[in-house]
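Here is how the chains run, residue by residue.
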Amino acid sequence: MRIDLDPRNTFLLRQTAFSYDDLRRYAEEEAVLDRALAIDPDNAGLKVARARVDYDSKADTRRLASGD
């Protein structure tokens, strides 16, 4: 997997998360986005993508509303 070759590349992590989202594999998407956020915690796009996992998988809007 390309992520193994460049494990701190948040672009690759985000693209992988998008693939998991398309497959509705929310647990894997969440893990990949959490990994990306650990690398770049101030990235607004990653924060929104992570919040959408909760919304898509559980209809939970708290993370979207809080901005975290």
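Quantities reported herein were computed from a predicted structural model and do not represent experimental measurements.

**Thoughts on the overall build of the chain**
Phase 1: In terms of regular secondary structure, the chain is built from five helices and zero strands.
Phase 2: Its helices and strands taken in sequence order, the chain reads α-α-α-α-α from the N to the C terminus.
Phase 3: Here the C-alpha atoms of the chain give a radius of gyration of 11 Å, agreeing with the 11 Å that 2.2 N^0.38 yields for 68 residues.
Phase 4: Along the first, second and third principal axes, the C-alpha atoms of the chain reach 35 × 25 × 15 Å.
Phase 5: Taken across its 68 residues, the chain has 25% of its residues classed as buried.
Phase 6: A total accessible area of about 4,600 Å² is found for the chain, and carbon and sulfur atoms account for 49% of it.
Phase 7: Of the charged side chains in the chain, 12 are positive and 14 negative; the average position of the first set lies 0 Å away from that of the second.

**A closer look at helix H4 (residues 44-58)**
Phase 1: If you check H4, its first and last C-alpha atoms are 21 Å apart, about what 15 residues at 1.5 Å a residue would give, namely 21 Å.
Phase 2: Buried within H4 we find Leu46, Ala49, Arg50, Ala51, Val53 and Asp54.
Phase 3: Packed against the buried residues of H4 are helix H2 (10-22), helix H3 (26-39) and helix H5 (62-66).
Phase 4: Of the residues flanking the start of H4, the one acting as N-cap is asparagine 43, its side-chain oxygen 3.0 Å from the backbone nitrogen of glycine 45.
Phase 5: Of the residues flanking the end of H4, it is alanine 59, one or two places downstream, whose phi is positive at about 60°.

**Some thoughts on the confidence of the model for the chain**
Phase 1: Across the chain, pLDDT averages 91, with 96% of residues at or above 70.
Phase 2: Put simply, H5 is where the chain has its lowest mean pLDDT, 80, and H3 is where it has its highest, 97.

**A look at the nonpolar core**
Phase 1: Ranked by size, the top nonpolar core spans 11 residues in total: Ile3, Leu13, Ala17, Tyr20, Val32, Leu33, Ala36, Leu37, Leu46, Ala49 and Val53.
Phase 2: When residues of this core are traced back to their parent elements, those giving at least two are H2, H3 and H4.
Phase 3: Residue contributions to this core peak at four residues, all from H3.
Phase 4: Discounting chain neighbours no more than four positions away, the residues touching leucine 13 are Ile3, Pro7, Val32, Arg35, Ala36 and Ile39.

**What about H2?**
Phase 1: When the terminal C-alpha atoms of H2 are compared, their 18 Å separation across 13 residues agrees well with the 18 Å that a helix rising 1.5 Å per residue should span.
Phase 2: Every buried residue belonging to H2 is among Leu13, Thr16, Ala17 and Tyr20, and all of these are buried. Looking down the long axis of H2, one finds its buried residues gathered within 105° of arc, a one-sided arrangement. H2 presents Phe11 and Asp22 as exposed residues on the side facing more than 90 degrees away from its buried surface.
Phase 3: Here the buried face of H2 lies against helix H1 (2-5) and H3.
Phase 4: You can read the cap of H2 off the contacts: a side-chain oxygen lies 3.0 Å from the backbone nitrogen of phenylalanine 11, and it is on asparagine 9.
Phase 5: In the stretch just after H2, arginine 24 is the one whose phi turns positive, near 60°.

Calculation criteria
Residues numbered from 1 in each chain as written. Predicted model: local features only at pLDDT ≥ 70, side-chain atom pairs only at ≥ 80, totals over all residues. Heavy atoms only, no water. Helix = DSSP H or I, 4+ residues; strand = E, 2+ residues; numbered from the N terminus. Rg over C-alpha atoms; globule rule 2.2 N^0.38 Å. Buried < 20%, exposed > 50% of the residue type's maximum accessible area, 1.4 Å probe, protein only. Areas by Shrake-Rupley, 256 points an atom, 1.4 Å probe, with all protein chains shown as cover. Lys, Arg positive; Asp, Glu negative; His and termini not counted. Charge placed at Lys NZ, Arg CZ, Asp CG, Glu CD. Expected span 1.5 Å × (residues − 1). Contact = heavy atoms within 4.5 Å. Polar contact = N/O pair within 3.5 Å; in protein donor to acceptor, adjacent residues only side chain to side chain. pLDDT = per-residue confidence, 0-100. Core = buried A, V, L, I, M, F, W, Y, C linked by side-chain atoms within 4.5 Å. Arc of directions from axis to C-beta.

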